[in-house]
Amino acid sequence: MNKDTLLFEKSRPGHRTLRLGKLDVPAADLSLLPKGSLRTKAPVLPEIGELDLIRHYVLLSKKNISIADSFYPLGSCTMKYNPVTNEAVVQYPGLADIHPEMDAGRVQGALRIMKRLEDGLAGITGLPGVTLHPAAGAQGELTALLVANAHFEATGQTKRTKVLIPDSAHGTNPASAAIAGLEAVEIKSGKDGLVDLADLESKVGDDTAVLMITNPSTLGLFESKIAKIAEIVHKAGGLIYMDGANLNAIMGISRPADFGVDMMHINLHKTFSTPHGGGGPGAGPICVTDELTPYLPSPRVVEEEDGLRLDYNAPQSIGMLRGWPGNFGVLVRAYAYLRRLGAEGVKRVAENAVLNANYIRVKLNKAYHVPYDRMCMHEFVCNNKHQREKGVHALDIAKRLIDLGYHPMTIYFPLVVSEAMMIEPTETESKSTLDAFIADMLMIAEEAQSDPDKLHAAPVTTCVGRLDEGRAVREPKLRYACYKD
Ligand SMILES: *Cc1c(COP(=O)(O)O)cnc(C)c1O
């Protein structure tokens, strides 16, 4: 590195200024650091030519699979197309080059985007209290449970320590309950794949804090008894939390508040388009009723006569969950996406997501067993029942899809269906893409009968074949291969 790019300069005794181009930024007082912790020589950093670096990253990008390469029907993850305009908007200097500690007067536009996004989410869910803080759906779940805890504590209901969770739920639900210091209690699904009301009634009581329910469920089914379920839980004094990861199936059509939901999270990166494969950035805002709003994380965006600002005055708030009030880039993308769609567009997204999933379901439900074979929402679950006698597993079918150029569907989830294969096409795919996928899935079903070993050997087109996934989890090697242990 050129020594001149970072220039430390003694301006006052014990105080240095970091000179970066034209900007003079006061740096930390280095004399406070223990002696011996400061470098005396510049670090030896590895150097590489620009061309070699470019080749390295292009090669890596070619090994990756994204929605830009191929169809990506990873159920529950909503791998829809993320419009390129989002990326252009998020790079506007007024949005990209700001900092959450800046004076409110200089970031009115950013605060306006946050406020309007909050208003939009409140409109879609029917729940007026919104926080944009949580960085992911899972953190939204935790936030809401902490809000529920605060509410029960403030109202003297400290006996409420149980969280009821249907057996088809995402694993983050019981994990969030445990982190919030609550006890997860499983509710069984009935034969129809929906919550078993008798089982719910036997477990709900004056120790119930919250029922966490995913609607539409992870089976891609609308929980048609949701109003009755909410009534049962409310009667017992509990709150209804909706895992809103599947909001893309119902938004603009039905509002969760209208069927009894008190709090919910929204996965902005799924429903409102941010590239989120490989653990990419997310945002999991939560929306709550008026009654629960005082407990939301602080600071909140407030509007006053002279403009918007972040308000830290919230005596009942659960406090801050993370460094700053929201994963701003994801919030901007969600806002850009919503503005582009408008209210009518949001509804059309849901309609097309549901139409596409049903189209595939109906075309595949003879070749593959569909345990709940009725109108589905934005995704459906099938399994390998017809392929099992040939020794073909969901894993083999998924691996064969890789050879055919697809990212596989979600497999072995939800747990209530053995060897589940969960297919979510999203609304952004064309009919010709869906038809090609259907044809390939039918071909795989045919191969399972005529040449099952072809599926057992898959994938054969990738640089690595099948990994020992159990061992990879138990003995992870977290270093780059080029470094010796
Ligand atoms: C994705 C998902 C979550 C978790 O959301 P993250 O944003 O990944 O933390 C929770 N529940 C369901 C049903 C999901 O699909």
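Here's what I pulled together on the structure shown here. (Residues numbered from 1 in each chain as written. Predicted model: local features only at pLDDT ≥ 70, side-chain atom pairs only at ≥ 80, totals over all residues. Heavy atoms only, no water.)

1. Describing the side chain of Asn248
Inspection of the secondary structure puts Asn248 in the loop between strand E8 (239-243) and strand E9 (263-265). A polar atom in the side chain of Asn248 sits 3.2 Å from the side chain of Glu424. With sequence-adjacent residues up to four places away left out, Asn248 is seen in contact with Thr78, Thr271, Val349, Ala350, Ala353, His378 and Glu424. (Helix = DSSP H or I, 4+ residues; strand = E, 2+ residues; numbered from the N terminus. Polar contact = N/O pair within 3.5 Å; in protein donor to acceptor, adjacent residues only side chain to side chain. Contact = heavy atoms within 4.5 Å.)

2. Looking at the sheet that holds strand E7 (residues 208-214)
Across the sheet, which stays open at both edges, the seven strands sit in the order E4-E10-E9-E8-E7-E5-E6 with mixed pairing between neighbours. The open sheet has two free edges, formed respectively by strand E4 (129-131) and strand E6 (183-187), since each of these has just one partner strand. In this sheet, adjacent strand axes meet at a mean angle of 20 degrees when their direction is disregarded. Each of strand E5 (162-166), E7, E8, E9 and strand E10 (286-288) is contacted by helix H5 (residues 137-154), which is oriented at about 175 degrees to E8, the strand it contacts most. In this fold helix H6 (residues 172-179) packs onto E5, E6, E7 and E8, with an angle of close to 175 degrees to the strand it touches most, E5. (Pairing = 2+ DSSP bridges. Axes fitted to C-alpha atoms, helices over the stretch in contact; angles between N-to-C directions.)

3. As for H5
Look at H5: 26 Å from first C-alpha to last across 18 residues, which is about the 26 Å you get at 1.5 Å a residue. Within H5, burial applies to Gly137, Gly140, Glu141, Leu142, Thr143, Ala144, Leu145, Val147, Ala148, Ala150, His151 and Phe152. One or two residues past the end of H5 sits Gly156, with phi positive at roughly 70 degrees. (Expected span 1.5 Å × (residues − 1). Buried < 20%, exposed > 50% of the residue type's maximum accessible area, 1.4 Å probe, protein only.)

4. Focus: the nonpolar core
Formed by 57 residues in total, the largest nonpolar core has its most connected members in Leu117, Leu121, Leu200, Leu268 and Phe272. Element by element, the count of residues in this core is highest for helix H10 (residues 328-364), at 12 residues. Once residues lying within four places of it in the same chain are set aside, the contact partners of Leu117 are Leu132, Leu268, Leu331, Ala334, Tyr335 and Leu338. Counting residues in hydrophobic clusters, the runner-up holds 25 residues, among them Ala357, Ile360, Cys382 and Leu434. (Core = buried A, V, L, I, M, F, W, Y, C linked by side-chain atoms within 4.5 Å.)

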